[in-house]
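Survey of secondary and tertiary structure
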Amino acid sequence: MKLAIQINEGPYQHQASDSAYQFTRAALAKGHEIFRVFLYHDGVNNATRLAVPPQDDRNITQQWTQLQKEHELDLVVCIAAAQRRGLLDEDEAKRQGKDANNIAEGFRISGLGQLIEAGIEADRLVVFGD
Amino acid sequence: MKLAIQINEGPYQHQASDSAYQFTRAALAKGHEIFRVFLYHDGVNNATRLAVPPQDDRNITQQWTQLQKEHELDLVVCIAAAQRRGLLDEDEAKRQGKDANNIAEGFRISGLGQLIEAGIEADRLVVFGD
Amino acid sequence: MSTLHTINKSPFDRNSLGSCLRVISDSDAILLIEDGIYAATSGTIFSDVVKAAVQSHSVYVLGPDLSARGMKEDGIVEGVNVVDYEGFVDLVTEYDKTNSWL
Amino acid sequence: MSTLHTINKSPFDRNSLGSCLRVISDSDAILLIEDGIYAATSGTIFSDVVKAAVQSHSVYVLGPDLSARGMKEDGIVEGVNVVDYEGFVDLVTEYDKTNSWL
Amino acid sequence: MAKKFLFVNRKAPYGTIYALESLEVVLISAAFEQVVSLVFMDDGVYELTRGQKTDAIGMKNFSPTYSALGDYEIKNIYIEKESLEARGLTLDDLQHLVWEDEDDDWAEKDSIHLVSSKELASIMADQEVIITF
Amino acid sequence: MAKKFLFVNRKAPYGTIYALESLEVVLISAAFEQVVSLVFMDDGVYELTRGQKTDAIGMKNFSPTYSALGDYEIKNIYIEKESLEARGLTLDDLQHLVWEDEDDDWAEKDSIHLVSSKELASIMADQEVIITF
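I will try to describe carefully the structure that is included in this document.

The rules we used
- Residues numbered from 1 in each chain as written.
- Chains lettered and ligands numbered in written order.
- Predicted model: local features only at pLDDT ≥ 70, side-chain atom pairs only at ≥ 80, totals over all residues.
- Heavy atoms only, no water.
- Least-squares fit on C-alpha atoms with pLDDT ≥ 70 in both.
- Contact = heavy atoms within 4.5 Å.
- Pairing = 2+ DSSP bridges.
- Helix = DSSP H or I, 4+ residues; strand = E, 2+ residues; numbered from the N terminus.
- Axes fitted to C-alpha atoms, helices over the stretch in contact; angles between N-to-C directions.
- Buried area = accessible area lost by both parts, 1.4 Å probe.
- Salt bridge = Lys/Arg side-chain N within 4 Å of Asp/Glu carboxyl O.
- Polar contact = N/O pair within 3.5 Å; in protein donor to acceptor, adjacent residues only side chain to side chain.
- Buried < 20%, exposed > 50% of the residue type's maximum accessible area, 1.4 Å probe, protein only.
- Phe/Tyr/Trp six-rings, centres within 6.5 Å; stacked < 30°, edge-to-face > 60°.
- Lys NZ or Arg CZ within 6 Å of the ring centre and 35° of its normal.

What follows deals with the relation of the copies chain B and chain A. With an RMSD of 0.0 Å, the fit of chain B onto chain A corresponds to turning through 180° and sliding 0.0 Å along the axis. In the structure described here, the two chain copies are related by an operation that fits a two-fold rotation axis. Considering only C-alpha atoms, the residue of chain B closest to the rotation axis is A100 of chain B, which sits at 3.1 Å. Both copies present the same face, since 100% of the interface residues in chain B are matched by interface residues at the equivalent positions in chain A.

To continue, consider the sheet that holds strand 5 (residues 124-128) of chain A. Residue and element names in this part refer to chain A. Reading across the sheet, the five strands line up as 4-3-2-1-5 and stay open at both edges, with parallel pairing between neighbours. The open sheet is flanked by strand 4 (107-110) and strand 5, the only strands paired with a single partner. Across the sheet, the axes of successive neighbouring strands diverge by a mean angle of 25°, strand direction being ignored. Where strand 2 (residues 33-39) meets strand 3 (residues 75-78), three bridges bridge the pair, whose relative direction is parallel. Bridge pairing links V37 to L75 in strand 3. Across the sheet, helix 1 (residues 16-29) lies against strand 1 (2-7), strand 2 and strand 5, angled at about 170° from strand 1, the strand it touches most. Along the sheet, helix 5 (residues 113-121) makes contact with strand 1, strand 2, strand 3, strand 4 and strand 5, crossing strand 2 at roughly 155°.

Right, let's talk about the interface of chain B and chain A for a bit. Opposite the 27 residues of chain B that make contact, chain A presents 27 residues. Taken over both partners, the interface formed by chain B and chain A buries close to 2,400 Å², and the fraction arising from carbon and sulfur atoms is 48%. Together, Q13, L50 and R84 of chain B form the three largest contributors to the area buried by chain B at its contact with chain A, with a combined 28%. Our count for the chain B to chain A interface comes out at two salt bridges. A salt bridge links D99 of chain A to R49 of chain B, with the shortest nitrogen-to-oxygen separation between them at 3.0 Å. One can count 15 residue pairs in polar contact (both at pLDDT 80 or more) joining chain B with chain A.

Both copies of the chain are related by one operation, a rotation about an axis with a shift along it. Least-squares fitting of chain C to chain D yields an RMSD of 0.0 Å, with the transformation described by 0.0 Å of translation along the axis and a rotation of 180°. Interface overlap between copies: 100% of the residues of chain C at the interface are likewise at the interface in chain D, consistent with a symmetric, same-surface contact.

Right, let's get into the environment of G70 of chain E. Residue and element names in this part refer to chain E. Following the sequence through the fold, G70 ends up in the loop between strand 2 (35-40) and strand 3 (76-80). The class for G70 is buried, based on a relative accessible area of 11%. Separated by 29 residues in sequence, G70 and W99 place their C-alpha atoms 4.3 Å apart. Ignoring any residue separated from it by four or fewer positions in sequence, one finds G70 in contact with V98 and W99.

Two aromatic rings, taken as a pair, are described by how far apart their centres are and by the angle between their planes. Applying the stated criterion to the full structure yields 24 aromatic pairs over all chains. Centre to centre, the rings of F38 of chain A and Y40 of chain A are 6.1 Å apart; their planes meet at 45°, and the pair counts as tilted. Each member of the pair, F38 of chain A as well as Y40 of chain A, is classed as buried. Centroid distance F62 of chain E to Y66 of chain E: 6.1 Å. Interplanar angle 50°. Geometry classified as tilted. Residue F62 of chain E is classed as buried on the basis of its relative accessible area, which comes to 6%. Since its relative accessible area comes to 2%, Y66 of chain E is described here as buried. Clustering of aromatic rings is evident, with ring pairs tying together F12, Y38 and F46 of chain C together with Y46 of chain F. Residue placement shows K75 of chain E over the ring face of W99 of chain E; its charged tip is 4.0 Å from the ring centre. In this structure, R87 of chain E packs its charged tip against the face of F12 of chain D, placed 4.0 Å from the ring centre.

So this is what it looks like as structure tokens:
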């Protein structure tokens with residue numbers, strides 16, 4: 001089946017991203033297709049490449065990046081939510097006149113329409129949040 | 001009186017930082033001293049210089065930077081919380097081997113001890129969060 | 001159209017389970033995850049709510065979240081079924097849609 | 001040592017007001033801010049809780065948060081005092097310490 | 001084939017951003033020609049109160065945007081009666097949202113429907129995608 | 001002059017980070033030679049349950065760290081009875097936290113004190129700084 005995932009909270013503060021990651025791995029292991037993972041609200045903060053969690057803890061962003069590589073996941077960061085919270089890619093940084101960007105490998109920034117499209121195209125949408 | 005402030009949530013998602021800002025301005029206007037503003041948990045995300053909120057909305061980080069300039073506020077970002085969440089200054093970025101940093105003007109990164117010190121030195125500690 | 005309702009909040013902290021139960025349909029099921037798993041434990045002031053829910057609906061609890069919090073599978077309300085993440089995925093596909101009570 | 005307790009959550013959403021009232025001391029006061037202001041409004045299922053609290057404690061509500069949410073000052077429980085951010089600062093200095101029920 | 005989307009609003013405005021960013025999703029959804037419905041229940045009913053004035057908290061008042069929903073052809077707006085009553089509110093305390101019926105000489109019609117929990121249950125059962133904020 | 005610090009833990013572990021980051025604050029506070037007390041109430045009592053196993057959720061099990069509190073001279077740990085009872089728990093369900101009394105030939109003594117809401121009220125009243133997580 002085609003599943004879509006929405007994540008509403010940032011890494012570590014809430015379990016949302018961890019739960020979504022475990023769910024996504026289990027779905028892939030069972031042979032389901034993940035149509036898209038959409039990061040909304042503070043969920044956009046899962047896409048930063050600047051985090052340095054303690055060595056004995058998981059690195060949430062790297063887990064997603066790794067899963068993206070293995071399964072060509074479509075990890076989409078909502079542009080409106082990202083702009084508010086300071087999550088930028090190179091193009092966005094240029095356009096906004098910012099001197100740095102912080103997006104991690106494997107994520108792409110796009111519009112809210114991508115969430116609605118996921119709702120239309122996927123057989124199921126599962127939301128993780130606070 | 002000497003007041004200290006703690007902020008536990010990031011910008012926009014919760015009202016915490018807005019409430020803390022309005023409270024801090026009112027306290028300064030009444031002649032109180034703000035010993036320190038300590039950013040903990042997701043509160044560290046208030047210190048990013050990469051945010052681009054909509055033009056008709058407030059820019060939370062810039063509000064704090066401006067207030068810092070006017071009143072020489074001590075805006076401290078907790079280093080442990082910041083590392084987890086990807087908020088870095090130039091030194092931290094170098095030490096961690098990261099190719100970018102995202103801290104805004106007027107904030108400094110330091111240890112959790114700064115919160116305890118604020119509790120000891122200030123006459124009152126007021127916490128804003130979720 | 002059947003619905004899988006997920007609840008991720010402790011019933012002691014928030015009322016999402018109560019809201020869900022107000023508008024749940026006969027063919028729907030409930031899955032307790034994250035801090036929502038405490039609703040499934042026996043002997044609490046909310047156990048009766050869950051006991052009643054089990055009479056009319058399938059109620060599931062995510063085992064990994066139970067274990068993480070030190071809650072034992074033999075200490076949960078009778079009739080609540082324990083599933084792992086694979087079971088979570090199966091439930092999502094089995095019901096026509098999912099409603100996450102965030 | 002007197003305490004100013006701040007409550008920033010809607011009583012419908014979370015139980016922080018209830019927890020605060022369980023351990024509050026006689027000389028303490030309560031200030032409702034952010035979504036906590038809904039507890040101060042009349043005619044709700046929580047109004048009686050606040051009416052009782054007003055009998056034994058000073059209860060304040062932050063006016064700016066009331067107005068933002070379209071709640072009128074004449075629609076709040078009798079005995080609850082409206083303050084602005086300056087009043088918030090005064091309360092913090094007036095009581096020996098602050099406890100934020102997050 | 002259009003899908004039935006339901007957006008459920010359960011959070012008060014301003015204390016958190018969910019109400020505002022939910023509204024942004026709803027407005028975008030209108031461009032996709034799906035069947036869109038909205039529910040306001042629990043603290044979500046507070047999103048629609050009249051007379052919100054946010055100057056003193058320094059935040060943007062986004063409540064006027066709800067009145068644009070009709071222009072976006074979003075006219076299935078359900079308010080749970082039980083949530084309103086628990087909060088001592090009536091429909092008169094909320095904004096009056098309308099849409100213009102093209103097939104009826106552009107007559108203004110109510111978008112808001114007051115429903116019981118029981119009615120809401122069957123409305124929710126009928127949906128294909130539900131996003132709760 | 002040492003101040004009386006109280007850290008109040010009200011949140012369940014793992015669902016949010018507050019319990020873990022609260023513990024980090026508590027451990028740091030020990031270095032400042034203040035009078036430190038801890039309260040576990042509401043869902044905070046769940047932080048101390050025995051036998052937490054986090055492998056299957058991919059998070060770090062931080063519950064063993066509580067047993068180090070004694071080594072940091074943190075021995076005033078109060079558990080609210082009403083919160084335990086509402087959750088069907090007893091002290092036997094929680095970790096047994098102890099400290100060693102230097103003045104009593106390093107005898108192991110209980111750090112945990114079960115208190116009623118009323119007793120807790122006077123403990124809280126007695127503090128100079130309270131941080132609630």
